[in-house]
Amino acid sequence: RAIKSLVYSVTDLEEAVEFYTDKMGMTLHRKRSLLPLEPAIAAFLSYGDSEEAGTLLELRYNFGMKKIDVGPYGCQVAIASSDVAKAVDMVGKDQVVLEQGEQEGVG
């Protein structure tokens, strides 16, 4: 068993794809229109060489969406790094929240 994909709604697909490819080192595998079923377009990214090689991050833009309500708990993607300081520098310190120690309810 494995998680095949995670879907995140975005308000700017090109900006989101640029972030995950340029800053996070992911590979863009493809983009596809979801019309006529949904008024949306999706981009599929991963750290693998192909879509089948691991978990996909699907970034989905619904046409006309200007704001996303993520609810009271928000959402996040956790990405492992062997060099956290380097990863933070690549992404930009203003884009990262670092929490140390145990988190209540996790573990």
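Residues numbered from 1 in each chain as written. Predicted model: local features only at pLDDT ≥ 70, side-chain atom pairs only at ≥ 80, totals over all residues. Heavy atoms only, no water.

S.K.: Sorry, what's going on with the packing of aromatic side chains here?
M.R.: For any pair of aromatic rings, the description rests on two quantities: the centre-to-centre distance and the angle between the ring planes. Inspection of every chain in the model, using the stated rule, returns 2 aromatic pairs. Their ring planes at 85 degrees and their centres at 5.8 Å tell us that Y61 and F63 sit as a pair that is edge-to-face. We note R30 situated over the ring of F44; from NZ or CZ to the ring centre the distance is 4.2 Å. (Phe/Tyr/Trp six-rings, centres within 6.5 Å; stacked < 30°, edge-to-face > 60°. Lys NZ or Arg CZ within 6 Å of the ring centre and 35° of its normal.)

S.K.: Teacher, can you tell me more about the pattern of salt bridges here?
M.R.: Working definition: two side chains of opposite charge can pair if their charged atoms are close together. Applying the stated criterion to the full structure yields 4 salt bridges. E14 is the salt-bridge partner of K31, the closest N and O atoms lying 2.6 Å from each other. Residue K31 is located in strand β2 (residues 27–33), and its partner E14 is located in helix α1 (residues 13–23); the two are separated by 17 residues in the primary sequence. With a relative accessible area of 47%, E14 lands in the partly exposed category. Among the salt bridges present, the one from E38 reaches R60, with a minimum N-O distance of 3.0 Å. Of this pair, E38 sits in the loop between β2 and β3 (40–46) while R60 sits in strand β4 (residues 56–62), and the two are 22 residues apart along the sequence. Relative accessible area serves as the criterion here: at 19%, R60 is assigned to the buried category. Put simply, E38, E58 and R60 are held in one network by salt bridges that share partners. (Salt bridge = Lys/Arg side-chain N within 4 Å of Asp/Glu carboxyl O. Helix = DSSP H or I, 4+ residues; strand = E, 2+ residues; numbered from the N terminus. Buried < 20%, exposed > 50% of the residue type's maximum accessible area, 1.4 Å probe, protein only.)

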